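# Residue-level structural notes
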Amino acid sequence: MPEKKCDVVVIGSGPAGLAAAIAAKERGAEDVLIIERGEELGGILIQCIHTGFGLEIFQEDLTGPEYAQRFIDRVEGLGVETMLGTMVLDITPARRLYAIQWGRLLEIEARAIVLAMGCRERSRGALAIPGTRPAGIYTAGTAQRFIEIEGYMPGERFAILGSGDIGMIMARRLVFEGARVERMVEVLPYVGGLVRNYVQCLVDYDIPLQLQHTVIDVKGRDRVEAVVSAQVDDNFQPIPGSEETIPCDTLLLSVGLIPENELSKKAGVELDPLTGGPYVDETMQTNVPGIFAAGNVVHVYDLADWVTEAGYLAGRHAGEYAIHQRRGSERKLRVIAGDNVHHVLPHVLDPLSLERGPQELQLRVQWPVEAPVWVNVEANGKLVKRKTERYVRPSEMIRIKLPPEDHGKIVGAKELSVRVEEKS
Amino acid sequence: MYLWKTDVVIIGGGSVGCAIARELSRFQLKSVLVEKNEDVCALTGKANSAIIHTGFDAPVGSLEAKLVVAARRMYDQLAQELDFPYQVVGALLVAVTKEQWQLLPELQRKALRNGVFDVHLLGRERVLAIEPELSDQVYGGLAIPRESIVSPYEMAIAMAENAIANGVKFFLGTRVTGIETTGGTVQAVSTTRGKIKTSWVINAAGMYCDEVAQMVGECDFTITPRRGEFFIMDKEAPYKLRHIILPVPTRISKGILISPTVSGNLLVGPTAEDIEDKSDTRVTVAGLAQVMTGAQKLLPALSSAHTITQYAGLRPVRHPEGYTVEASRQNRGYIGISGVRSTGVTSAPAVAAYVRDLAEEVGLKLIPRSNFNPLRRQLKPFASMTYQERAAAIKVDPHWGHVVCRCEHVTEAEVLRAIHSPLGARSLDAIKRRTRAGMGRCQGGFCGVRIPFILARELGIPVEAVTKKGPGSEILVGPIRGEMMR
Ligand SMILES: Cc1cc2nc3c(=O)[nH]c(=O)nc-3n(C[C@H](O)[C@H](O)[C@H](O)COP(=O)(O)OP(=O)(O)OC[C@H]3O[C@@H](n4cnc5c(N)ncnc54)[C@H](O)[C@@H]3O)c2cc1C
Ligand SMILES: Cc1cc2nc3c(=O)[nH]c(=O)nc-3n(C[C@H](O)[C@H](O)[C@H](O)COP(=O)(O)OP(=O)(O)OC[C@H]3O[C@@H](n4cnc5c(N)ncnc54)[C@H](O)[C@@H]3O)c2cc1C
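Just so it is clear, the model here is predicted, and its values are computed rather than measured.

### What about the overall build of chain A?
Scanning chain A from N- to C-terminus turns up ten helices and 28 strands. Taking 22 Å as the expected radius of gyration for a compact globule of 424 residues, we find that chain A reaches 22 Å, a close match to that expectation. Within chain A, the fraction of its 424 residues that count as buried is 60%. Excluding contacts between residues fewer than 6 apart, the proportion of contacts in chain A whose partners are at least 24 apart in sequence is 64%. Roughly 16,400 Å² of accessible area belongs to chain A as shown, and the carbon and sulfur atoms make up 49% of that amount. Considering chain A, the positive charge centre built from 47 side chains and the negative charge centre built from 60 side chains are found 4 Å apart.

And the structure:
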């Protein structure tokens, strides 16, 4: 017998989970519960002590913890229940959750669930980086936690593989702490993270970045002693003769984030191999009725502000579902990724949803175009909506809104497709 | 002054040394095992194919064949007594060309001559019915039903813990630097921590057995390393195998195999590359590429996109080749083991029994202890408990309610047990081998920031002193300066 029944259970308390809980409560759901395995609310924001949060939502430049606090205050003000130090281990398709905490195993029945478990970092193992297996190889987020939460330095002399945002932010942070950052190497011909971070974290601190380079060897038996970098050709193969030994005691990895969906799978939630996250509709509902998802668990966002918005959206509909216990319409239009679109969300869209308000599509491109482009949304080959971007880069999410008046253009269509083309 | 006084010193805490320690603990004897690393089974014993062989393809008539075949019969009982992960999954040796297919009857005859009688030929249809994801190039195969899989380090740890429970003393992080003899008799063993008085020395130093043999001036052989590289695949990789898949061996090598592991991953490898440095366990671009191409001939869907980690192990190749277990004539009390190359996980308990008999033959008195306890129990992992069991465990000890490894669902209770067990874990890798924390998909991204602090707290040491795998592999360098927060 479940010990507890809730209207909405939110798993994870990052920006997505906090926003979802707020929106569900505001929508009218009564018992809203956030379950968080960490000891504090805020998710990964707690260890992001740099600024750059809230520019979109608050028009203010906040640190991660400051940004989180604004939502934590609202969560508390609204009377959302929270369980910290509690890890959800299992979810059934019938929305029963099993979780554990210090001294207790819990069984909870939820009328709706919001998955907001965030993402994890790709590891050395996933990349099959050759070399020895010494101490001193960490993901950038691990190093971030050591430094910001625990207060310890993981090394003195660093090389960084990958130019993701966390890696760039950590590069600067390490310099502040008196460490040497010898080099950042990136296999692609362009920076993985935001240009803003590239300028403020690398350029301003003279940290050398080598594009189209990778690490082909790690040396050192007990602790890292050096890494060997090499230039790569267009097929990412190391170019013989370009090897260079970089003495260092630590290798940080900033080579991508992967949505954390072990739990989702247990509930029967289907995942999109392109994003690593659930297939969702315009209400952020997954294929399992009553199970919604938001934030980095769905696809990796570039800004926490957009994560918050996704959390609101999912929370509102989860609240709605908890009250009415029924799935919205079954009229679903597929949304397809066309030319130079890596993936686009939502995966399906109810055309009638436009009658309720504008609907946003979120996409990432496959390759950068450093020139003005069109982002085109087409229904049955006919243009529905287009938007100009001055440039597009895989590191930056593109958002395009379909206004209610476009409703007429998409009823009757079988699918929407989105493509990005250079303006000629 | 002696650090310790004992009857027998076993040098080396690999699979073989741990098995000998446990075997000798049956008798009224004082034994000591000396291991230079901070944990047992930290070298070859953890980096291999993890297969309990039947001996079907061993060199006919060799000591290796005899010991592997003998050991194979011990496992059902051993795994039961010592409670380590072991599964009889069976192997399929698969021919993907006509030439290979024509070699199978010869291999079957060899198996018969080795006393492995249940090996049988299978046609293409049978093979593909048993393992449908194998290449459609398959001609047929040999079924070897008793080939099995094991967790080699959990097995060694189990043997070591059981030995300790029965009175054997383990010196970890201690290197043997010399063996003292007078008048042709062993007197003592010098170590980095002091001298141990003993009349018997058993050299189970694996890769370094030649160096130890030189300490008594008795080394008519050399050992060189032959590296083997491996991939471990994600449990969620979109292909599954239920059996060990072996290629048809060539004269040079046994080839690249694919095997399920006891924890539900697939293991793929190894290469066979002769190298010079006895500690060079790195993985290489060329080696990993060779593993992938080799294995894809058997399982075309295999892809390095699904790997979670890679590792390499070194086979100690003896020159001249072959298993050798000998009691010294010049130095009474010295027994040397060498040439245990590619089958030592399997043969370890039989090697131990062989060493026991040999030692008795040359004068070691073996009187069984009446209070020998053959049983050792592993803590049931949280991950494999039912919800009722979990609830009950948490009630007894709240640490069961704190997950420290998100991928493998390892709890703090299990980490504490690993640290405070008789063969206590002292490093991150030692905890990993005992609990699986850090072996999952994120490879320590989550638990790697938590366990060092638990280790520091429990051992009463600063967290900067916590290591990945012994001195020199510290994880952190010191507190931050914390001057500049923005
Ligand atoms: C290491 C790292 C550093 C980052 N740094 C930055 C940055 O500096 N700036 C930036 O803009 N973006 C950063 N990001 C991106 C950042 O993740 C997002 O902007 C945002 O925090 C994502 O919010 P979220 O709510 O989706 O996930 P998160 O903030 O990751 O929150 C997910 C929460 O779910 C909890 N959880 C997961 N599984 C369970 C479970 N089974 N039971 C209970 N609780 C669970 C986790 O403990 C976590 O608190 C970083 C991401 C990572 C991984
Ligand atoms: C690629 C590969 C695949 C294999 N696959 C299999 C398989 O599937 N099945 C199988 O049965 N076998 C397999 N093997 C073989 C098996 O791994 C080895 O035979 C076995 O691990 C050897 O154990 P050991 O105890 O002899 O040596 P080791 O594990 O090397 O132990 C020797 C120990 O002695 C210690 N030592 C050395 N010198 C000193 C000193 N001076 N003082 C103190 N301590 C010292 C070392 O630190 C070490 O811990 C494989 C091996 C490799 C490399």
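### Some thoughts on the UniProt feature "domain: FAD/NAD(P)-binding" (unreviewed entry) in chain A
The UniProt record marks residues 7-304 of chain A with the feature "domain: FAD/NAD(P)-binding" (unreviewed entry), using the residue numbering of this structure. End C-alpha atoms of residues 7-304 of chain A are separated by 26 Å, and the span's content is 23% helix alongside 31% strand.

### What about unusual backbone geometry?
Each neighbour pair has its own omega, and for Gly269(B) with Pro270(B) the value is -5°, a cis peptide bond. Topologically, Pro270(B) is positioned in the loop between strand S18 (266-269) and strand S19 (273-274). Cis geometry is found at the peptide bond from His319(B) to Pro320(B), where omega equals -5°. Position of Pro320(B) among the secondary structure elements: in the loop between strand S20 (307-319) and strand S21 (324-327). A positive phi is found at Arg95(A), a non-glycine position, where the angle reads about 65°. Tracing the sequence through the fold places Arg95(A) in the loop between strand S6 (86-91) and strand S7 (96-101).

### Observations regarding the environment of Glu30(A)
Residue and element names in this part refer to chain A. Summarising the element assignment, Glu30 is placed in the loop between helix H1 (15-27) and strand S2 (32-35). We classify Glu30 as exposed; its relative accessible area is 59%. Distance in space between the C-alpha atoms of Glu30 and Gly319 is 8.7 Å, their sequence separation being 289 residues. Apart from the residues within four sequence positions on either side, Glu30 is in contact with Asp7 and Lys25.

### What to know about the domain arrangement of chain A
Residue and element names in this part refer to chain A. Domain annotation for chain A reports domain 1 (4-120 + 258-328), domain 2 (123-255) and domain 3 (335-422). The partner domain 2 presents ten residues to the nine residues of domain 1 that form the contact. For the domain 1 and domain 2 pair, buried surface summed over both sides reaches about 780 Å², with 56% attributable to carbon and sulfur atoms. Where domain 1 packs against domain 2, one counts zero salt bridges. Class assignment of the residues belonging to the side of domain 1 that touches domain 2 gives a composition of five nonpolar, three polar and one charged.

### Focus: the site of ligand 1
Residues and elements named next belong to chain A. By nearness alone, 33 residues border ligand 1, and Ala16, Glu36, Ile44, His50 and Asn296 come closest of all. In this structure, Pro15 approaches ligand 1 through a main-chain N or O atom, which is 3.3 Å from an oxygen atom. The backbone of Ile44 places a nitrogen or oxygen atom 3.0 Å from an oxygen atom of ligand 1. Coverage of ligand 1 by the protein chains reaches 93% of its 970 Å² of free accessible surface. In terms of residue count, the dominant contributor to the shell around ligand 1 is S6 (three residues). Of the residues that constitute the shell around ligand 1, the class distribution is 18 nonpolar, twelve polar and three charged.

### Thoughts on the pattern of salt bridges
Applying the stated criterion across every chain, the model contains 66 salt bridges over all chains. Where Glu148(A) meets Arg173(A), a salt bridge forms, and the shortest distance between an N and an O atom there is 2.7 Å. Here Glu148(A), found in helix H4 (residues 140-150), pairs with Arg173(A), found in helix H5 (residues 165-176); they are 25 residues apart in sequence, far enough to count as distant. A salt bridge links Arg341(B) to Glu321(B); the nearest nitrogen and oxygen atoms lie 2.9 Å apart. Here Arg341(B) is found in the loop between strand S22 (334-338) and helix H9 (344-361), whereas its partner Glu321(B) is found in the loop between S20 and S21, with 20 residues between them in sequence. Here the salt bridges share partners, and the residues they tie into one network are Arg37(A), Arg120(A), Glu260(A), Glu262(A), Asp234(B), Arg406(B) and Arg441(B).

### Here's the deal with the interface of chain A and chain B
When the parts of a complex come together, some accessible area is lost, and that lost area is often taken as the interface size. With 52 residues of chain A at the interface, the matching set in chain B holds 57 residues. In total, about 4,700 Å² of surface goes out of reach between chain A and chain B, with carbon and sulfur atoms giving 59% of it. Contact with chain B buries surface across chain A, with Trp102(A), Arg133(A) and Tyr152(A) losing the most and accounting together for 14% of the total. Taken together, the links from chain A to chain B amount to four salt bridges. Counting every contact that joins chain A to chain B gives 21 residue pairs in polar contact (both at pLDDT 80 or more). In terms of residues, the side of chain A that touches chain B owes the most to one element, H4(A), which gives five residues.

### Looking at the sheet that holds strand S16 (residues 226-231) of chain A
All names here are of chain A. Here three strands make up an open sheet; going across it, the order is S15-S16-S17 and the pairing antiparallel. For this open sheet the edge positions go to strand S15 (213-219) and strand S17 (244-247), each flanked by a neighbour on one side alone. Adjacent strand axes in the sheet meet at a mean angle of 30° when their direction is disregarded. Inspection of the sheet shows S15 paired to S16 by six bridges, in the antiparallel sense. By the bridge assignment for S16, His213 is matched with Gln231.

### A look at the site of ligand 2
All names here are of chain B. Close to ligand 2 lie 39 residues, the nearest being Glu35, Ile51, Val176, Gly344 and Thr346. Contact between ligand 2 and Lys36: a nitrogen atom at 3.2 Å from a main-chain N or O atom of the residue. Separating an oxygen atom of ligand 2 from a backbone N or O atom of Gly45 is a distance of 3.3 Å. Its free accessible area being 1,000 Å², ligand 2 has 97% of it covered by the protein chains. Broken down by secondary-structure element, the contributors of at least two residues to the shell around ligand 2 are helix H1 (15-24), strand S15 (222-233), S20 and H9. When its residues are assigned to classes, the shell around ligand 2 shows 16 nonpolar, 18 polar and five charged. A domain-level breakdown of the shell around ligand 2 finds at least three residues from each of domain 1 (1-84 + 149-221 + 320-378) and domain 2 (85-148 + 225-313).

### Description of the domain arrangement of chain B
Residues and elements named next belong to chain B. Taken domain by domain, chain B comprises domain 1 (1-84 + 149-221 + 320-378), domain 2 (85-148 + 225-313) and domain 3 (382-485). For the pair domain 1 and domain 2, the two sides together bury roughly 2,800 Å², of which 58% comes from carbon and sulfur. Contact with domain 2 buries surface across domain 1, with Phe56, Val60 and Ile149 losing the most and accounting together for 31% of the total. On the surface where domain 1 and domain 2 come into contact, there are four salt bridges. Arg146 is paired through a salt bridge with Asp76; the nearest N and O atoms lie 3.0 Å apart.

Thresholds applied
- Residues numbered from 1 in each chain as written.
- Chains lettered and ligands numbered in written order.
- Predicted model: local features only at pLDDT ≥ 70, side-chain atom pairs only at ≥ 80, totals over all residues.
- Heavy atoms only, no water.
- Helix = DSSP H or I, 4+ residues; strand = E, 2+ residues; numbered from the N terminus.
- Rg over C-alpha atoms; globule rule 2.2 N^0.38 Å.
- Buried < 20%, exposed > 50% of the residue type's maximum accessible area, 1.4 Å probe, protein only.
- Contact = heavy atoms within 4.5 Å.
- Areas by Shrake-Rupley, 256 points an atom, 1.4 Å probe, with all protein chains shown as cover.
- Lys, Arg positive; Asp, Glu negative; His and termini not counted.
- Charge placed at Lys NZ, Arg CZ, Asp CG, Glu CD.
- UniProt positions renumbered as here; feature names shortened; annotations may be inferred.
- Domains from an automatic or database assignment.
- Buried area = accessible area lost by both parts, 1.4 Å probe.
- Salt bridge = Lys/Arg side-chain N within 4 Å of Asp/Glu carboxyl O.
- Nonpolar A, V, L, I, M, F, W, Y, C, P; charged D, E, K, R; others polar.
- Near = heavy atom within 4 Å.
- Polar contact = N/O pair within 3.5 Å; in protein donor to acceptor, adjacent residues only side chain to side chain.
- Pairing = 2+ DSSP bridges.
- Axes fitted to C-alpha atoms, helices over the stretch in contact; angles between N-to-C directions.

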